[in-house]
Amino acid sequence: MATSRTQSLLADHAAAAHALTAGFQRALLLGSIFILVAAVIGLRATNTRGEEQQPGKESQAVPDTLPEPARA
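Residues numbered from 1 in each chain as written. Predicted model: local features only at pLDDT ≥ 70, side-chain atom pairs only at ≥ 80, totals over all residues. Heavy atoms only, no water.

1. Quick word on the overall build of the protein
Each helix and strand in the protein was counted, giving 2 helices and 0 strands. Within the protein, the fraction of its 72 residues that count as buried is 8%. Here the protein displays about 7,100 Å² of accessible surface, and carbon together with sulfur accounts for 59% of that area. (Helix = DSSP H or I, 4+ residues; strand = E, 2+ residues; numbered from the N terminus. Buried < 20%, exposed > 50% of the residue type's maximum accessible area, 1.4 Å probe, protein only. Areas by Shrake-Rupley, 256 points an atom, 1.4 Å probe, with all protein chains shown as cover.)

2. Some points on helix α2 (residues 16–44)
Along its 29 residues, α2 runs 42 Å from first to last C-alpha, staying within 8% of the 42 Å computed at 1.5 Å per residue. Those residues of α2 not exposed but buried are Ala19, Ala22 and Gly23. Along its buried surface, α2 packs onto α1 (2–11). (Expected span 1.5 Å × (residues − 1). Contact = heavy atoms within 4.5 Å.)

3. Focus: unusual backbone geometry
The backbone phi angle of His13 is positive, close to 65°, even though this residue is not glycine. Inspection of the secondary structure assignment puts His13 in the loop between α1 and α2. Judged by relative accessible area, which is 75%, His13 ranks as exposed.

4. Observations regarding the environment of Thr6
Topologically, Thr6 is positioned in helix α1. Assessed through its relative accessible area of 9%, Thr6 is described here as buried. Each C-alpha atom, one on Thr6 and one on Ala17, is 9.5 Å from the other, the two residues being 11 residues apart in sequence. When sequence neighbours within four positions are dropped, the list of residues in contact with Thr6 reads Ala19, Leu20 and Gly23. Within the local environment of Thr6, its side chain forms a polar contact with the backbone oxygen of Ala2, the two atoms lying 2.7 Å apart. (Polar contact = N/O pair within 3.5 Å; in protein donor to acceptor, adjacent residues only side chain to side chain.)

5. Here's the deal with the environment of Ala22
Following the sequence through the fold, Ala22 ends up in helix α2. Sequence spacing of Ala22 and Leu9 is 13 residues, and the spatial spacing of their C-alpha atoms is 8.4 Å. Once residues within four sequence positions are removed from consideration, Ala22 is found in contact with Arg5 and Leu9.

Below, the structure written as structure tokens:
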């Protein structure tokens, strides 16, 4: 991206410093947008780890206390 934008501006007879700065600016902007979109997708994605629930059944409540261990 940076090279494409820089070469385009140089072909239009822009100053080299301006062309390089504009090229890097475009590449950093697109990279930032990509990272932002990836973060939104990551935050909105459903967590699929853990137990699978069967369709039509509600998840069972976990008891607050564990049963006492059996004594021998």
